[in-house]
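Overview (structure and organization)
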Amino acid sequence: MRDAAPKTIYLADYTPFGFIADTVALTFDLAPHKTRVKSRIAFRPNPDATDRTFFLHGENLTLISATINGTKVSPKLTDEGLTCDVPDAAFIWEAEVEIDPMGNTALEGLYMSNGMYCTQCEAEGFRKITYYPDRPDVMSIFTVTINGPHSVLLSNGNPVTTTRHHAEWHDPWPKPAYLFALVAGELVAHPDTFTTQSGRKVTLNLYVRPGDEGKCAFGMQALKDSMKWDEDVYGREYDLDLFNIVAVDDFNMGAMENKGLNIFNSSAVLASPETSTDMNFERIEAIIAHEYFHNWTGNRITCRDWFQLCLKEGLTVYRDSQFTSDMRSPAVKRISDVIDLRGRQFAEDQGPLAHPVRPESFQEINNFYTATIYEKGAEVIGMLKTLVGDAAYAKALDLYFDRHDGDAATIEDWLKVFEDTTGRDLTQFKRWYSQAGTPRLHVEASFELDTLTLTFTQHTPPSTATPDPEPQVIPIAVGLIYPDGTEAITTQILEMTRATQSFRFTGLEAEPTASILRGFSAPVVLTQDLTDADRSHLLTHDTDPFNRWEQGRILARQALIAMITDGAAPDAAYLKGIHKVATDETLDPATRALMLDMPSEAELATTLHQSGITPDPDAIYQARETMAEARADAFADIAMDLYAANTVTDPYQPNAEQSGKRVFANTMLAMITRRDGGAQATAQYDAADNMNQQSVALAQLIGTGNGDEKVAAFEAQWRHDRLVMDKWFGLQVMKAKPDDVAATAARLTQHPDFTHKNPNRFRAVFGAMISNHAGFHHASGAAYTLLADWLITLDPLNPQTTARMCSAFQTWKRYDANRQTKIAVELDRILATPNLSRDTTEMLTRIRNS
């Protein structure tokens, strides 16, 4: 394990590596505990470098031999790598090392998963394979030879030779080491082909374990759809003869975009109607698109250093969001993205883990694969496109691809193509990359004669990461709605650049209601002084789907906050409004389901905290339960009819139309279950021919407290399927009553199919426990203690997953003194653990010292 002592790395200290690696030849002789890796690398001095120290990263390696130009050398070894005297001219470095894939439980570098060899090298896993300058700005052409007793031997690029137990691969495109990949095992291929827009035929394979062949078709079609979409929308054609995907059970992330050989967490690629939910299918489609789109935004153009991570991830998240919007419903996708952004990234921005989209420093780069880098990074791309317009965005992207193909680029390079294309000065816009925090945007409206004046004020709360934030460039999409419901002004983009700024609209026939931040045009917290009548007016008449949803969400939130803080009864006007929404046939079923969805307990806790009120998890839970009962009463006259009308009887398809109907019908089922004790849910479970309907029904039954019979039946039916069993574990914790959450999670960790060594199974139990807000924050502190126990257990084996799960504690300072004290005890206990990993130490230190 690496030294846990923190060492801070700074963006300002960047210098290029002293040598250029022209070619890399690797030979692997595979063995579970004693794999030998031989490397032959052609280096030459880098004329742009000032420091010619020859340092190669390396961790957990046993060096067998090393030579320079065929002469044996004895480099100086440390826990982090080696240094060696080298010629001041081109030279050949050769080394042989021994590694232990079977013992690599961290799942970084080369490791084994159920008998299969596989790799994960982003961000710094390649240094666990061999000695190398493991940094993204060192790009080279790789040739890989693999020897091992396996039927499938894969690496990046195109195959050169393949015989029994031997394969050679060559990747003609220069790449950094983090994009290296190797897979070896007894796998079955699901093959297909794709013909590019230039007429080139590309061979496609999705490799899986025997028995998973029936779960490949959807993933393969999603890949082909992604390839076609990237050609049509961005003009990007695939550049190799072969594209392989491999499904792996033990994987820390969702997937990895290794050039020509994508490695996927099984949960992010395997799907069938019998085993996968609608959400699983949509997630798989999006992740496959994301990893494929990286071929250009991440692989052909990579990032100079890890501080530029948002350059590849933010842009690619934005592209995959565009793809999903085109494949499914743009309105539903946008609303879903905003819910996720507010739930994860806003919390990050407002707590001890806050950091800019491009950080200035880090101790462990694995801790910066965050919602800020990915989701806020994507929002920044969206704002830039909004400001310059679609045509200029497309022109700038073409220039970016032309100018930087083969480069390790920076945020400055990215913004420069937009400045060169549009003539705009993006100096102020760049603050979105350098400042942490979520801007607060307040608007006041005044109307006189025929003129509406909107005065905006922006303020970003200071943080440790950004103590003195400056005004941002904020694109504000605005429309105006007349009292009769007609649109006075269609959407316009207001460009705010100052702390306070006014905009005027003249020639109006009557005083309109302003629809502000349409489409959520900027990642800000908006406050707008509207009456409930104004919000109801927008809910009914706004032409922007996001703002219609937003007004309903605000009304629901206000009603629940009043119940929590004042003991108010459920708001009759809100109940009447959602009743009307449910029967509005002008809205598609998926949109209606989103508009009926109540704010989560975590969202309500955030709202209370922002209002200066200490959130009480018990009171929040009770208020939502009371409101849910009131909703069930209010819908008693229509719930069953709407459920029946939206029940899909055609053969299952994971498309937007069917999925929308199912989610709306299941919204009604939740209300029905509160009145019939689970009778309809039982009927749905028994009749279900797909996992979506079966698992939703099971969740409802668990929620009633009468689900034991179906829980046992579900386990008996699906015990052989690891991904379905993840659902079984998670649902029991997620739907448990707050008093039972910790005990339920603890009981499930004793189940013979639970293993903390598999990230999916660990997240199934503890991710669900963390998401059960009232249960996790139970006043007893039992869930805090249980999570801490398991984080201490997991950290020596898998620091990366451990550190990411630590974010469960990031909002601890918003709760009452009793809960804070209990959390502090657990944080201190984990931090006192001997040999705690650098990953976990950094995360918990930031949280504890907030």
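Our structure's up above, just so we're on the same page.
Anyway, here's the lowdown on the structure attached to this text. (Residues numbered from 1 in each chain as written. Predicted model: local features only at pLDDT ≥ 70, side-chain atom pairs only at ≥ 80, totals over all residues. Heavy atoms only, no water.)

What to know about the overall build of the protein chain
- Helix and strand counts for the protein chain come out as 27 helices and 31 strands.
- Based on the C-alpha atoms only, the size of the protein chain along its principal axes is roughly 85 × 65 × 60 Å.
- Counting all 850 residues of the protein chain, 59% fall into the buried class.
- Considering only contacts in the protein chain between residues 6 or more positions apart, those separated by 24 or more positions represent 70%.
- Taken as a whole, the protein chain presents about 31,600 Å² of accessible surface, with 51% of it coming from carbon and sulfur.
- In the protein chain, which carries 78 positive and 114 negative side-chain charges, the distance between the mean positions of the two groups comes to 3 Å. (Helix = DSSP H or I, 4+ residues; strand = E, 2+ residues; numbered from the N terminus. Buried < 20%, exposed > 50% of the residue type's maximum accessible area, 1.4 Å probe, protein only. Contact = heavy atoms within 4.5 Å. Areas by Shrake-Rupley, 256 points an atom, 1.4 Å probe, with all protein chains shown as cover. Lys, Arg positive; Asp, Glu negative; His and termini not counted. Charge placed at Lys NZ, Arg CZ, Asp CG, Glu CD.)

Focus: the pairing of strand β16 (residues 182-185)
- Burial of the side chains of β16 extends over both faces: L182 and A184 are buried on one face and V183 and G185 on the other.
- For strand β13 (residues 152-155) and β16, the ladder comprises four bridges, and the chain directions are antiparallel. The residue of β16 that forms the bridge with L153 is A184. (Pairing = 2+ DSSP bridges.)

Considering the layout of surface pockets
- Empty space within the second largest pocket amounts to approximately 860 Å³.
- In terms of lining residues, the second largest pocket is bounded by 33 residues, among which I9, F55, H57, E124 and R135 are the most central.
- Residues of the lining of the second largest pocket, tallied by class, amount to 13 nonpolar, six polar and 14 charged. (1 Å grid on protein atoms, 1.4 Å probe; cavity = no way out; pocket = protein on both sides within 12 Å on 5 of 7 lines; lining within 4 Å. Points joined across faces, edges and corners; volume = space filled by probe spheres on them. Nonpolar A, V, L, I, M, F, W, Y, C, P; charged D, E, K, R; others polar.)

With respect to the pattern of salt bridges
- Taken as a whole, this structure holds 66 salt bridges when the rule is applied.
- A salt bridge links D249 to R722; the nearest nitrogen and oxygen atoms lie 2.6 Å apart. Highlighted residues: D249 in the loop between β19 (242-248) and β20 (255-256) and R722 in helix α20 (residues 722-734), separated in sequence by 473 residues.
- By sharing partners, the salt bridges in this structure join R209, D212, K215, D249, D721 and R722 into a single network. (Salt bridge = Lys/Arg side-chain N within 4 Å of Asp/Glu carboxyl O.)

Some points on the packing of aromatic side chains
- Under the defined criterion, the tally for this structure stands at 46 aromatic pairs.
- On the basis of an interplanar angle of 85° and a centroid distance of 5.8 Å, the ring pair of W229 and F323 is categorised as edge-to-face. With W229 in helix α1 (residues 217-234) and F323 in helix α3 (residues 309-327), the pair connects residues that are 94 residues apart, well separated along the chain.
- The interplanar angle of 40° and the centroid separation of 6.1 Å between the aromatic rings of Y393 and F418 together place this pair among those described as tilted. Of this pair, Y393 sits in helix α6 (residues 390-404) while F418 sits in helix α7 (residues 411-422), and the two are 25 residues apart along the sequence.
- Residue Y393 is classed as buried on the basis of its relative accessible area, which comes to 3%.
- Sitting over the face of the ring of W296, R236 holds its NZ or CZ atom 4.7 Å from the ring centroid. (Phe/Tyr/Trp six-rings, centres within 6.5 Å; stacked < 30°, edge-to-face > 60°. Lys NZ or Arg CZ within 6 Å of the ring centre and 35° of its normal.)

Notes on the sheet that holds strand β5 (residues 62-68)
- Taken together, eight strands build an open sheet; the order of strands is β6-β5-β9-β3-β2-β12-β15-β14 and the sheet is mixed. For this open sheet the edge positions go to β6 (71-72) and β14 (158-163), each flanked by a neighbour on one side alone.
- Sheet analysis places β5 next to β6, joined by two bridges and oriented antiparallel. Its bridge partner being in β6, I68 is matched across the sheet by T71.

A closer look at unusual backbone geometry
- The step from E122 to A123 runs through a cis peptide bond, and the omega angle for that step is 5°.
- Looking at the secondary structure, you find A123 in the loop between β11 (116-120) and β12 (140-147).
- Positive phi values are uncommon outside glycine, yet L517 reaches one of about 65°.
- Inspection of the secondary structure puts L517 in the loop between β30 (513-516) and β31 (525-528).

Focus: the packing of helix α4 (residues 330-349) against helix α12 (residues 589-596)
- It is at 10 Å that the axes of α4 and α12 come closest, and there the two elements cross at 25°. Between α4 and α12, the angle falls in the class roughly parallel. Here α4 runs over α12; the crossing is left-handed. In contact with V332, I335, S336 and I339 of α4, α12 contributes A590, T591 and L594.
- Of the residues in the contact of α4 with α12, the class split is five nonpolar, two polar and no charged. (Axes fitted to C-alpha atoms, helices over the stretch in contact; angles between N-to-C directions. Parallel < 35°, antiparallel > 145°, perpendicular 65-115°, else oblique. Left-handed = near helix turned anticlockwise from the far one by under 90°.)

Brief notes about the packing of α3 against helix α5 (residues 371-388)
- Look at α3 against α5: their axes get within 7 Å of each other, and the N-to-C directions meet at 70°. Relative to α5, the element α3 lies roughly perpendicular. Residues L309, C310, E313, G314, L315, V317, Y318 and Q322 of α3 lie in contact with α5, whose contacting residues are I373, Y374, G377, A378, I381, G382 and K385.
- Looking at the contact of α3 with α5, its residues break down into nine nonpolar, four polar and two charged.

Some thoughts on the sheet that holds strand β27 (residues 474-481)
- The strand order across the open sheet formed by three strands is β28-β27-β30, and the pairing between neighbours is antiparallel. Both edges of this open sheet fall to β28 (487-496) and β30, since each of them pairs with a single strand only. When strand polarity is set aside, the average angle formed by the axes of neighbouring strands in this sheet is 25°.
- Of the pairings in the sheet, the one linking β27 to β28 comprises seven bridges and is antiparallel in character. Looking at the pairing, I476 lines up with L494 of β28.

Let's talk about the side chain of N252
- Relative to the assigned elements, N252 resides in the loop between β19 and β20.
- Given a relative accessible area of 6%, N252 falls into the buried group.
- Among the polar contacts made by the side chain of N252, one reaches the side chain of N798 at a distance of 2.7 Å.
- One polar contact links N252 to T801, side chain to side chain, over a distance of 2.9 Å.
- Beyond its immediate chain neighbours, meaning those up to four positions away, N252 contacts A106, L107, E108, P759, R763, N798, Q800, T801 and R804. (Polar contact = N/O pair within 3.5 Å; in protein donor to acceptor, adjacent residues only side chain to side chain.)

Description of the nonpolar core
- Ranked by size, the top nonpolar core spans 177 residues in total, and within it W93, W414 and F429 carry the most contacts.
- Ranked by residues supplied to this core, first place goes to α5 with nine residues.
- The residues touching W414, leaving out its near neighbours within four places in the chain, are L311, L315, I381, L384, L397, Y400 and Y433.
- Counting residues in hydrophobic clusters, the runner-up holds 51 residues, among them F729, V741, L786 and A808. (Core = buried A, V, L, I, M, F, W, Y, C linked by side-chain atoms within 4.5 Å.)

A closer look at the pairing of strand β10 (residues 109-113)
- Here β10 lies mainly inside the structure; five of its five residues are buried.
- For β10 and β11, the ladder comprises five bridges, and the chain directions are antiparallel. Counted as the bridge partner of S113 is M116 from β11.
- Hairpin geometry of β10 and β11 is characterised by an intervening segment of two residues between the two adjacent antiparallel strands and by a positive phi of about 50° at N114.

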